Amino acid sequence: MDSSSCTNNTNTNNNNKKKKKKKKRGSCYCMILPPHPPPSKKNKSGKAALLHLKPLISTSESSSHSSLSISLEPNRPFTIGRSTRHCNLVFDDRRVSNQHCLILFDASLLKLYLLDGSSLNGVFVNGVRIGKPEELSAGDEVLLVCAKNQGLCCSHLRIGFIIRSIVFENNVEEDMLVQACSNNRKINKRIVAYNPIIGRAYSLLTRCRNILQSHDPILHLCDAASYNDNTTDISSLNSLSKDNNAPHFDGVVPNIPCCNFVPPPGKNFYLNRLEFMHHTPLSHQPVVSLLELLYPVESLSRLFIATFTSDILWFLSYCEIPFHLPVTIACHNTERCWRSGPDKRSSIPYPEFPNLVVVYPPFPEAIAFGKDCKKQGIACHHPKLLVLQRQDSIRVIITSANLVANQWNRVTNTVWWQDFPRTSSPDYSSLFSHIYHGDTNKDSKPDFAAQLAGFMASLLTDVPSQAHWIVELTKYDFGGAKGHLIASVPGIHSDRVPSMIETMPFLPANQAYSVKFLGLVEASVVGLSHLFQTAADSNGAQLKKLAAFLRKSCEKAYGVLEILLIRNKNVPADANAVSVFVPNPNEHSKGDCVQLGFLPRNVAKWVSPLWDIGFFRFSGYVCPKEALAAALGRNSVKVQLILHVSQGPHFQDISRMMQPEHVIALCSLIASVRRCSGLWRLQEVLGQYRWPESLESDFIYGASSIGSSMNSQFLAAFSAASGKRSLQSFESEESDPEWGCWSASQESKCPSIRIIFPTIERVKNACNGILPSKRILCFSEVARRRFQSKMDAPSSGWVYCGSHNFSAAAWGRPISNSASQANRLEKVNSSLGLRLHICNYELGIIFIFPPTETKGDIGKNCTNLDDVVLPYVVPAPKYGFKDRPATMQAMREALAELTKQEREKFAEIIATKEMVEEILDEEEEEEEEEAIEETSYVVEEKEDEKAYAEQLWSQVDSSQSC
């Protein structure tokens, strides 16, 4: 292989281009280019560092390279990579990233630091992959690719350099310094030069001292020793020794096994391990790193990640993800998340990782401006979830950190995880477990698996290739979960379904026994007005018959009408078509029915495959008044249909009979099953307990963002969902669910929650000032409500951690009751409304510490609420008269007040990897919130649905028997 000689700073771009043309295919060369940006005319500090390198560009054919001399200015990054536009030292090889790494000279400490830029194959110092800034010493070998064969590089190929010597100078020009050193003359300026062997020994001695002084030497060794398989050759030291006439050193560094096991937190959470902590935890709060959470990566079968912002290349490199590992990453994309075409919902961005799929979860049109996805809306995919599947277990990780280096390594975040064992056989019933309001059976099956599957399915429903994740979850036992999942899914959620439908026995045709109920799905009927507004019913006979059936149904039932679903398998327009019929309520008139219309195409496409094979049974209910109004053509409102899902005759045979098309259909079903979300989910979990209001000691919430439309209505809704009740009526035996519920008027008079949020002065006075935060804070989302128990009993209450900011966009805004709903039979908490408008995807976990007086809980509460250490001081100091919160506007104003010198410093820092990553890659948009008016939120039938129904009507005989 050809190898070019290295050029110096005086080479022209033309000469560089000529050398490039001479390079043969597959070859590699390096060269030095002029600095980017050009050096200042005068170095104000007067300090500089001279770095003497020997490039390493060799294969099985030996090749020699002359030494290079590099002059480094203080705090000006020297970039190394493949890009001739952005790099000072260029290695022209496809294995080297465009901006692979950089060297920074700290003049105050007289030290050189090596930082990983945006490398895909990693940066290695003496065989050890770096994950944080690494101090360089003479004798160090720096490699830009790994030394083991992973398909990206070969063991006999080395691309990098050896540091021959480092010379620091002060107020001396380079040529004077070199001349002084070569003539061995004394000069009156400070010159520090390292002998290669002495420098290397000093580096190793420092590392050993750090290990011995660390809080956990074993963990320190593990983090510092990500060595290659077998041994790591450091023969570069031999060549250095010979070149410098130093004693010969023969040896290898043995492979040190990694042992990064960290016990799971249980009903608690860890904080992420920060780079500057050096394995010494803050206080007694346990910490964990991303590498420790994934260890051992080699045993992973597949990996699922949900995040807001992401630096996927950093993650792949930093965690050494194998190129063949199946990885699914769901992340936010303002454009693609609003696209209606499923083909826009995923991508495979990196050819080197063919099994890595990026997913862009859909936002529903109901929350778009004008209910039009093309106009987009206020929405955000904001969860932080990792699911690590292994052969014998699956690990679920819920954190407040996005998938970016800064939030895992430099900013405090919460981390919870738990490992769940593999079961002997898949359990598909676990995907449908619920918590029922008022259920006194505390031994009922936990719903952790159902909540996790429902949330993941909502992200993957438009990506058929990733539907297998829902099937994989059935292979593990989530029964021992330490907490309850709290999920938010965007949409306008309705609580209009009477609870008695959930428990109503479904009697399928020719069956005299009830079957197990699994869940409800909100759907609709399309094409309802066709039959009653055409020549097919010119005399109105069908309309009169429908009206008679609907009237009788209202008299017999609870204001809902049970309908029949009939499969239409031989319809050319859609082989999955399903007709909707209204039967004669008279039990003696079997087969007498009137067809209303059809299931929508997007519902029928998953109902039919699961129904045809016998995995599930489907029935349904409609509102008679809605159906009659649509039949009369009084409006174009879509008629809601509630699907009743129950086990089919072959439910127990799903594992044996399932085909790929059933996997996709099952994912869609799980995503569609009605589950409580946001505030309603919080109420569902915490409403099981009767909290002792008089013993409340604190109710706090800390978050990165506080919703812009924060008001007493939202605060009251959150408190009510958390189980808060009016103290004066708490002991009342009144059975009305509204009795004692926390209201907006009570919230205005007596605020219930304390918000923990930093002041702008606190941010300005932070160790790094306001610059790292720029406009957006990163603050762990944690909430707690605590009750001081009587006598010597432990405290009770709950703790939440996860992705939810304290905003209506994250938790949902309750929509007030409309006049048409005033006569509803089932009363609900007025603070929580009959509908809930949620903008974001969010996920968190809540740990419950029930009151010891609660029946059946005595002796089960093995963990104390007070053992959970929050990531901030409690009680937090109150705001003073002049204090201002660090809102986005306050941060902008503070940035505008920066002096010219501070701005120059900021411009200098931003060139380094940390600031580029923090400001460009991680800048989270502050959550804006749409002003939602009280409305009935009617949904009209769309044109494509009407066209679909017209096709079916033309091909289906409306007189068919039911």
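Residues numbered from 1 in each chain as written. Predicted model: local features only at pLDDT ≥ 70, side-chain atom pairs only at ≥ 80, totals over all residues. Heavy atoms only, no water.

Asks: Before we go on, may I ask you to explain the overall build of the protein chain in this structure?
Replies: Assigned secondary structure in the protein chain consists of 25 helices and 40 strands. Taking all 962 residues of the protein chain together, the buried fraction comes to 53%. Looking at the protein chain alone, contacts between residues at least 24 apart form 72% of all its contacts between residues at least 6 apart. Here the protein chain displays about 44000 Å² of accessible surface, and carbon together with sulfur accounts for 51% of that area. (Helix = DSSP H or I, 4+ residues; strand = E, 2+ residues; numbered from the N terminus. Buried < 20%, exposed > 50% of the residue type's maximum accessible area, 1.4 Å probe, protein only. Contact = heavy atoms within 4.5 Å. Areas by Shrake-Rupley, 256 points an atom, 1.4 Å probe, with all protein chains shown as cover.)

Asks: What should I look at first to understand the packing of aromatic side chains in this one?
Replies: In total, this model carries 27 aromatic pairs according to the counting rule given. Within the aromatic cluster, the residues linked to one another by ring pairs are Phe699, Tyr701, Phe714, Phe718, Trp798, Tyr800, Phe806 and Trp811. Directly above the aromatic system of Phe849 lies the positively charged group of Lys267, at a separation of 4.5 Å from the ring centroid. Positioned above the aromatic ring of Phe699, the side-chain terminus of Arg785 is 5.3 Å from the ring centre. (Phe/Tyr/Trp six-rings, centres within 6.5 Å; stacked < 30°, edge-to-face > 60°. Lys NZ or Arg CZ within 6 Å of the ring centre and 35° of its normal.)

Asks: Even after reading the chapter, I still don't get the pairing of strand E19 (residues 327-330), so can you show me in this structure?
Replies: A regular strand places its side chains on the two faces of the sheet in alternate fashion. Burial along E19 is two-sided: the face carrying Val327 and Ile329 and the face carrying Thr328 and Ala330 are both buried. With respect to chirality, the unit in which strand E18 (residues 300-306) leads through helix H7 (residues 312-318) into the neighbouring parallel E19 is right-handed. (Right-handed = clockwise from strand over helix to strand, strands pointing away.)

Asks: Mind showing me how you'd approach the sheet that holds strand E21 (residues 356-359) here?
Replies: As a general point, the strands of a sheet are linked pairwise by backbone hydrogen bonds and lie either parallel or antiparallel. One open sheet accounts for nine strands, arranged E17-E16-E25-E24-E23-E18-E19-E21-E20; its pairing is mixed. Whereas interior strands pair on both sides, the edge strands pair on one side only; in this sheet they are strand E17 (287-288) and strand E20 (346-347). (Pairing = 2+ DSSP bridges.)

Asks: It is not clear to me how the pattern of salt bridges should be interpreted in this structure. Could you clarify?
Replies: Once their charged atoms are close, side chains differing in charge can pair, the charge on each being opposite to the other. Evaluation of the coordinates by the stated rule reveals 22 salt bridges. For the salt bridge of Asp419 with Arg395, the shortest nitrogen-to-oxygen distance reads 2.6 Å. Of this pair, Asp419 sits in strand E25 (residues 414-421) while Arg395 sits in strand E24 (residues 393-399), and the two are 24 residues apart along the sequence. Glu893 serves as the salt-bridge partner of Arg884, at 3.4 Å between the closest nitrogen and oxygen. (Salt bridge = Lys/Arg side-chain N within 4 Å of Asp/Glu carboxyl O.)

Asks: Looking at this structure, how should I read the nonpolar core?
Replies: Generally speaking, a soluble globular protein has its nonpolar side chains buried in company with each other. Core analysis: the largest hydrophobic core is formed by 149 residues, its most contacted members being Phe315, Leu385 and Phe616. It is helix H9 (residues 448-460) that provides the largest number of residues to this core, a total of nine residues. In this structure Phe315 touches Leu290, Leu294, Leu303, Ile305, Glu320, Ile321 and Leu403, once residues within four positions along its chain are discounted. (Core = buried A, V, L, I, M, F, W, Y, C linked by side-chain atoms within 4.5 Å.)

Asks: How should the environment of Gly122 be read in this particular structure?
Replies: Assignment of secondary structure puts Gly122 in the loop between strand E7 (111-116) and strand E8 (124-125). Linking Gly122 and Leu143, residues 21 residues apart in sequence, is a C-alpha distance of 8.5 Å. Among all residues touching Gly122, those that are not within four sequence positions of it are His100, Asp116, Arg129, Leu143, Leu144, Val145 and Ser317.

Asks: What is the right way to read the sheet that holds strand E27 (residues 491-494) from this model?
Replies: A sheet is described by the order of its strands in space; here three strands give the open sequence E27-E39-E38, paired in antiparallel fashion. The sheet terminates laterally at E27 and strand E38 (813-815), the two strands that pair on one side only. Taking each pair of neighbouring strands and ignoring which way they run, the sheet shows an average axis angle of 25°. Bridging between E27 and strand E39 (residues 835-838) involves four bridges; their strand directions are antiparallel. (Axes fitted to C-alpha atoms, helices over the stretch in contact; angles between N-to-C directions.)

Asks: I keep staring at the pairing of strand E33 (residues 639-647) and nothing clicks. Help me out?
Replies: For E33, the tally of buried residues reaches nine of nine residues, placing the bulk of the element in the interior. Where strand E28 (residues 517-525) and E33 come together, eight bridges link them in antiparallel fashion. Across the sheet, Leu520 pairs through a bridge with His644, a residue of E33. Pairing between strand E32 (residues 616-622) and E33: seven bridges, direction antiparallel. Bridging from a neighbouring strand, Phe616 pairs with Gln647 of E33.

Asks: How should the environment of Leu460 be read in this particular structure?
Replies: Among the secondary structure elements, Leu460 is positioned in helix H9. Residue Leu460 is classed as buried on the basis of its relative accessible area of 0%. For Leu460 and Pro362, which are 98 residues apart along the polypeptide, the C-alpha to C-alpha distance reads 8.8 Å. Apart from residues lying up to four places away in sequence, Leu460 is in contact with Phe304, Thr328, Val359, Gln466, Trp469 and Cys667.

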